[in-house]
Amino acid sequence: MKNAVAIGVIGCGNISDAYFRSLPFFPDVRLAAASDLVMERAKAKAEQYGFRAMTTEELLNDPEIRLVINLTTPEFHTAVNKRILMAGKHAYTEKPFGLDREAGREVLALAASKGLRTGGAPDTFLGGAHQTCRRLVDAGAIGKVVAGTAFMQCHGHESWHPNPAFYYRRGGGPLFDMGPYYLTALVNLLGPVAEVAAFGGRAFDEREITAPAATEKSCKVEVDTHIAAVLRFASGALVNLAMSFDVWKHSLPCIELHGTAGSLSVPDPNCFGGEVRLFQPHLAEWAKLKLTHGYTDNMRGIGAADLARSLSGGVPARACGELAFHVLDVMCGISDSARTGAFVKVQSTCERPAPLPVGLRHGQLELEA
């Protein structure tokens with residue numbers, strides 16, 4: 001597209017391929033360049049996907065690039081986001097939005113002072129399964145939501161990830177690594193969180209790394225690897241949340257919502273597709289529903305494409321910085337509660353992101369007039 005927003009990417013690690021594959025589907029954006037601390041890695045990705053490899057300095061100084069996707073590791077998210085904004089470019093970051101509230105606020109304030117926009121992963125809530133669930137909730141299919149559960153439980157990433165140590169440092173752990181998927185999905189369905197209470201613990205002080213490509217044999221654990229929390233949403237709904245890297249196997253659902261007129265089974269929020277099931281009193285069993293929306297494959301990057309669309313349309317981005325910051329604030333509240341034993345009121349709030357329309361073609365974010 002002639003007026004497509006030129007996008008640059010900083011960070012060519014494991015997650016970058018998903019972005020490089022999906023962004024070309026959106027005519028509103030054009031993947032122009034990428035950088036990495038290891039230039040050979042950026043050059044290899046550039047050759048594979050057909051964009052330019054640059055140093056980070058070159059990318060930030062390129063006047064053509066208007067929006068930069070930050071795919072660095074969590075401890076660098078805030079510093080890199082600030083560099084992007086100081087260069088006069090809009091910033092979209094991988095999750096989490098920051099490691100603490102102050103860092104997140106600084107990024108939002110800097111963006112506001114420069115008239116720029118921010119956004120953040122995850123954008124999986126824009127997938128077909130989760131948009132189908134959003135449509136059901138909005139239509140009153142389960143009535144007023146009063147309760148729910150959300151479970152992400154596994155035994156960590158050291159069996160497959162070649163460099164898993166950062167998952168066990170500040171900004172990692174199951175809460176900051178996987179929590180954004182679950183919390184963003186819940187905010188999309190229920191609105192903002194008002195108050196949290198939590199407990200935390202860890203099974204090991206050191207984790208053995210067994211991934212075949214790993215260069216290290218073990219890593220220290222610096223964060224809680226099991227979190228049990230209760231979330232009270234502003235809507236009144238109460239949700240039990242469990243995030244764990246200490247569970248060998250389980251059979252619990254990813255997310256279930258229970259309302260005055262029925263129950264809804266929501267699939268894995270780390271994915272765009274999945275099975276949506278509905279129970280209502282007149283049914284004998286759960287009913288598996290046909291998805292009403294597209295984007296059921298791995299479309300990481302749809303949130304950044306939507307942010308680019310918002311630049312010219314004057315409309316809010318769905319995976320916006322305010323949503324990403326609210327999720328960060330909730331996670332910080334959970335951590336604070338687990339540490340102190342006190343209930344924590346969540347000071348931030350956000351709007352529920354606008355749902356995607358039904359009937360979009362692949363690559364569309366809005367229906368044509």
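Residues numbered from 1 in each chain as written. Predicted model: local features only at pLDDT ≥ 70, side-chain atom pairs only at ≥ 80, totals over all residues. Heavy atoms only, no water.

Chemist: Explain the sheet that holds strand β15 (residues 276-279) to me, and be specific about the residues and the numbers.
Modeler: Consider a sheet: its strands pair through backbone hydrogen bonds, and that pairing is either parallel or antiparallel. What the 9 strands build is an open sheet, ordered β16-β15-β14-β13-β7-β12-β11-β8-β17; its pairing is mixed. Both edges of this open sheet fall to β16 (287-289) and β17 (344-345), since each of them pairs with a single strand only. Running over the sheet, helix α6 (residues 128-138) touches β13 (255-259), β14 (262-266), β15 and β16 and is turned about 165° from β14. The strands touched by helix α9 (residues 321-340) are β8 (193-201), β11 (226-233), β12 (238-244) and β17; relative to β8, the strand with the most contacts, the crossing angle is about 45°. (Pairing = 2+ DSSP bridges. Helix = DSSP H or I, 4+ residues; strand = E, 2+ residues; numbered from the N terminus. Contact = heavy atoms within 4.5 Å. Axes fitted to C-alpha atoms, helices over the stretch in contact; angles between N-to-C directions.)

Chemist: Go over the pairing of β8, please, and point to the residues and values.
Modeler: When β8 meets β11, the two strands line up antiparallel, connected through 8 bridges. Note that in β11 the partner of Glu195 across the bridge is Arg232.

Chemist: Describe the pattern of salt bridges, and please don't skip the residues or the numbers.
Modeler: Enumeration over the complete set of coordinates arrives at 28 salt bridges. For Asp246, the salt bridge is made with Arg207, and the minimal N-O distance between the two is 3.1 Å. Pair noted here: Asp246 is in the loop between β12 and β13 and Arg207 is in strand β9 (residues 206-208), with a separation of 39 residues, a long-range link. Residue Arg207 is classed as buried on the basis of its relative accessible area, which comes to 2%. Overlapping salt bridges bring together Arg30, Arg52, Asp62 and Glu64 as one network. (Salt bridge = Lys/Arg side-chain N within 4 Å of Asp/Glu carboxyl O. Buried < 20%, exposed > 50% of the residue type's maximum accessible area, 1.4 Å probe, protein only.)

Chemist: Pulling in residues and values, what's your account of the sheet that holds strand β3 (residues 52-53)?
Modeler: One open sheet accounts for 6 strands, arranged β3-β2-β1-β4-β5-β6; its pairing is parallel. Each having just a single partner strand, β3 and β6 (118-120) make up the two edges of the open sheet. Across 3 bridges, the pairing between strand β5 (residues 90-93) and β6 is parallel. Bridge assignment links Ala91 to a residue of β6, and that residue is Thr118. Against the sheet, helix α8 (residues 302-313) touches β1 (5-10), β2 (29-35), β4 (67-70), β5 and β6, its axis set at about 160° to β5.

Chemist: Please give an account of the environment of Glu366 that cites residues and values.
Modeler: Counting through the fold element by element, Glu366 comes out in the segment after β17. Glu366 sits in the partly exposed class, given a relative accessible area of 34%. Through-space distance from the C-alpha of Glu366 to that of Asp306 is 9.3 Å; in sequence the pair is 60 residues apart. Setting aside its immediate chain neighbours within four residues, Glu366 contacts Arg309, Arg318, Pro357 and Leu360.

Chemist: With reference to specific residues and values, describe the pairing of β15.
Modeler: Side chains Val276 and Leu278 of β15 all project onto a buried face; the interleaved residues Arg277 and Phe279 project onto a face where none is buried. In terms of strand pairing, β14 meets β15 through 3 bridges, oriented antiparallel. Looking at the pairing, Ser265 lines up with Arg277 of β15. As paired elements, β15 and β16 share 3 bridges and run antiparallel to each other. The residue of β16 that forms the bridge with Val276 is Leu289.

Chemist: I'd like a rundown of the nonpolar core, residues and numbers included.
Modeler: Grouped together as the largest cluster of nonpolar side chains are 114 residues, with contacts concentrated most on Ile69, Tyr92, Leu186, Leu190, Leu257, Leu264 and Ile334. Counting residues per element, this core draws most heavily on helix α7 (residues 173-190), which supplies 11 residues. (Core = buried A, V, L, I, M, F, W, Y, C linked by side-chain atoms within 4.5 Å.)

Chemist: Hey, could you go over the state of the cysteines for me, with residue numbers and the actual values?
Modeler: Tallied over the entire structure, the rule returns 0 disulfides. We note that Cys154 lacks a disulfide partner, and the nearest cysteine sulfur, in Cys254, lies 11 Å from it. Unpaired in terms of disulfides, Cys271 finds its nearest cysteine sulfur in Cys254, a separation of 8.0 Å. (Disulfide = S-S within 2.5 Å.)

Chemist: Any chance you could break down the packing of aromatic side chains for me, citing the residues and the numbers?
Modeler: With the rule as written, the count across this model stands at 6 aromatic pairs. Between Tyr168 and Phe245, the ring centres sit 5.8 Å apart and the planes meet at 65°, which makes this aromatic pair edge-to-face. Of this pair, Tyr168 sits in the loop between β7 (145-153) and α7 while Phe245 sits in the loop between β12 and β13, and the two are 77 residues apart along the sequence. By the burial criterion, Tyr168 is buried, and Phe245 matches it. Members of the aromatic cluster, each reached through a chain of ring pairs, are Phe20, Tyr49 and Phe51. Over the ring of Trp286 we find Arg277; its NZ or CZ atom is 4.8 Å from the centre of that ring. (Phe/Tyr/Trp six-rings, centres within 6.5 Å; stacked < 30°, edge-to-face > 60°. Lys NZ or Arg CZ within 6 Å of the ring centre and 35° of its normal.)

Chemist: For the packing of α7 against α9, give the residues involved together with the corresponding values.
Modeler: Where α7 contacts α9, the two axes come as close as 9 Å, and the packing angle between them is 120°. The angle between α7 and α9 places the two elements in the oblique class. Every pair of crossing elements has a handedness; the one defined by α7 and α9 is right-handed. Every residue of α9 that contacts α7 at Leu175, Phe176, Gly179, Pro180, Leu183, Thr184 and Val187 is listed here: Leu323, His326, Val327, Leu328, Val330, Met331, Cys332, Ile334 and Ser335. (Parallel < 35°, antiparallel > 145°, perpendicular 65-115°, else oblique. Left-handed = near helix turned anticlockwise from the far one by under 90°.)

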